[in-house]
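Chain by chain, the residues run as shown.
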Amino acid sequence: SATPLAGKTISENLGKVKGSDSAWSVLGLYMIGRPDIDAAMKQALESKGGDALTNVRLYKRWSYFVVVDCTTVIVEADAVKLAQDKAAPSKGGVR
């Protein structure tokens, strides 16, 4: 998961999601911005309104044109809804 799950349980699996972020460069030297993994993850998470991503996969793709190229980061994952764990009953009895 990309989100800490301590104290939480997965209450619903919302299905597969995908997000991406891109940046362009001229002649492969002068990049305008940088592809942002966090932006791609946020886009994926917001697409189905989930609380966290599980089974996260990250890819990088390059597309070349005559004098420019595009670098894209792609995030694929499963979006899930989280619920707080209910307090576990204490072990042992009262003395």
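Here's a quick rundown of the structure. (Residues numbered from 1 in each chain as written. Predicted model: local features only at pLDDT ≥ 70, side-chain atom pairs only at ≥ 80, totals over all residues. Heavy atoms only, no water.)

Turning our attention to helix H1 (residues 37-48). Residues of H1 that are buried include every one of Ala40, Met41 and Ala44, and no others. When H1 is viewed along its axis, its buried side chains cluster within an angular range of 100° and face the same direction. Projecting away from the buried face of H1 at angles above 90 degrees are the exposed residues Asp38, Lys42 and Glu46. Close packing links the buried residues of H1 with strand E1 (8-26), strand E3 (52-64) and strand E4 (68-84). (Buried < 20%, exposed > 50% of the residue type's maximum accessible area, 1.4 Å probe, protein only. Helix = DSSP H or I, 4+ residues; strand = E, 2+ residues; numbered from the N terminus. Arc of directions from axis to C-beta. Contact = heavy atoms within 4.5 Å.)

Our next topic: the pattern of salt bridges. Throughout the structure, instances matching the rule amount to two salt bridges. Between Asp78 and Lys16 there is a salt bridge whose closest N-O contact spans 3.2 Å. Pair noted here: Asp78 is in strand E4 and Lys16 is in strand E1, with a separation of 62 residues, a long-range link. Of the charged contacts in the structure, one is a salt bridge between Glu76 and Lys18, with a shortest N-O distance of 4.0 Å. Here Glu76, found in strand E4, pairs with Lys18, found in strand E1; they are 58 residues apart in sequence, far enough to count as distant. We classify Lys18 as exposed; its relative accessible area is 55%. (Salt bridge = Lys/Arg side-chain N within 4 Å of Asp/Glu carboxyl O.)

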